[in-house]
Amino acid sequence: MNLLLLKQLSILSAFAGAILGFITVIPYLSFISFMILILCLSAFVLAYLKQNDLIGIISIREGCIFGAVIGFVSFIAFSVVYTPISMLLGWLIPAYTQGFLRFFLTSFGSFVVMILLIILMAGISALFNGFAGLVTAYVYELITGIKKENNQNSSVDFEIK
């Protein structure tokens with residue numbers, strides 16, 4: 001596994017998730033930015049990396065794994081940015097409809113439920129973004145006509161130490 005590439009993907013996706021966390025606070029843009037975050041952020045990140053030649057030829061399997069990593073990390077970064085801002089706006093502005101998160105800090109149990117919901121949604125985001133990464137790698141493979149060799153395919157295997 002190329003750890004440098006994985007670190008680059010994590011940093012770039014955390015940055016994109018944080019930006020989308022700020023944009024989601026705006027009421028009229030919230031739905032669009034949230035759907036981009038959940039459904040297809042990995043396609044944008046992988047396309048950006050391909051355009052700037054920061055990533056080489058990736059197989060469909062690597063596209064799926066990279067997309068899942070991008071989806072999970074970006075949603076966690078999104079939640080770290082969006083949740084405190086939404087809670088603060090919910091306490092300061094009573095008419096702020098997205099401030100429903102202020103109810104989660106009334107007790108420790110509701111805080112734990114909020115953390116579990118964030119992790120569940122990050123998993124769902126990883127699933128959808130994994131598929132978007134798979135489709136992106138497949139489309140790049142169709143456009144360029146270059147397939148990654150089978151002996152290079154083992155670079156995505158994880159090693160647990």
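Each value, and the rule that gives it
- Residues numbered from 1 in each chain as written.
- Predicted model: local features only at pLDDT ≥ 70, side-chain atom pairs only at ≥ 80, totals over all residues.
- Heavy atoms only, no water.
- Phe/Tyr/Trp six-rings, centres within 6.5 Å; stacked < 30°, edge-to-face > 60°.
- Helix = DSSP H or I, 4+ residues; strand = E, 2+ residues; numbered from the N terminus.
- Buried < 20%, exposed > 50% of the residue type's maximum accessible area, 1.4 Å probe, protein only.
- Lys NZ or Arg CZ within 6 Å of the ring centre and 35° of its normal.
- Contact = heavy atoms within 4.5 Å.
- Expected span 1.5 Å × (residues − 1).
- Core = buried A, V, L, I, M, F, W, Y, C linked by side-chain atoms within 4.5 Å.
- Patch = residues over 30% accessible without salt bridge, like charges linked within 9 Å, V, L, I, M, F, W, Y side chains within 5 Å.
- Areas by Shrake-Rupley, 256 points an atom, 1.4 Å probe, with all protein chains shown as cover.
- Salt bridge = Lys/Arg side-chain N within 4 Å of Asp/Glu carboxyl O.

A. Quick peek at the packing of aromatic side chains. Applying the stated criterion to the full structure yields four aromatic pairs. An angle of 70° between the planes, with centres 6.3 Å apart, marks the rings of F34 and F75 as edge-to-face. Within this pair, whereas F34 is found in helix α2 (residues 30-51), its partner F75 is found in helix α3 (residues 60-92), the two being separated by 41 residues in sequence. According to the relative accessible area criterion, F34 is partly exposed, its value standing at 23%. Under the relative-accessibility criterion, F75 is labelled buried at 4%. Both rings, one in F34 and one in F78, keep their centres 5.7 Å apart while their planes meet at 50°; by these two values the pair is tilted. In this pair, F34 sits in helix α2 while F78 sits in helix α3, placing the two residues 44 residues apart along the sequence. A cation over an aromatic ring shows up here: K50 above the ring of Y140, its NZ or CZ 5.4 Å from the ring centre.

B. A look at unusual backbone geometry. Within the chain, D53 stands out as a residue other than glycine whose phi angle is a positive 55°. Position of D53 among the secondary structure elements: in the loop between α2 and α3.

C. The side chain of S42, seen in detail. Tracing the backbone through its elements, the reader meets S42 in helix α2. By relative accessible area, which is 0% here, S42 ends up buried. Non-local contacts of S42, meaning those with residues more than four positions away in its chain, are made with G67, I70, N129, A132 and G133.

D. Fine view of the environment of V69. Mapped onto the secondary structure, V69 falls in helix α3. Discounting chain neighbours no more than four positions away, the residues touching V69 are L6 and S10.

E. Region of interest: helix α1 (residues 3-24). With 22 residues, α1 extends 31 Å between its outermost C-alpha atoms, agreeing within 8% with the 32 Å of an ideal straight helix rising 1.5 Å per residue. L5, L6, L9, S13, A16, G17, A18, L20, G21 and T24 are the residues of α1 that are buried.

F. Structural detail: the nonpolar core. Core analysis: the largest hydrophobic core is formed by 24 residues, its most contacted members being L9, L46, I55, F66 and F75. Listed by contribution, the elements that provide at least two residues to this core are α1, α2, α3 and α4 (108-144). If we ignore the near neighbours within four places in the chain, the residues touching L9 are V45, L46, L49, F66 and I70.

G. Representation of a nonpolar patch on the surface within the structure. A cluster of nonpolar side chains, L39, V113, L117, L120, I124 and F128, forms an exposed patch at the surface whose accessible area comes to about 480 Å². Tallying contributions element by element places α4 first for the nonpolar patch, with five residues. You can see L39 is positioned in helix α2. Under the relative-accessibility criterion, L39 is labelled partly exposed at 38%.

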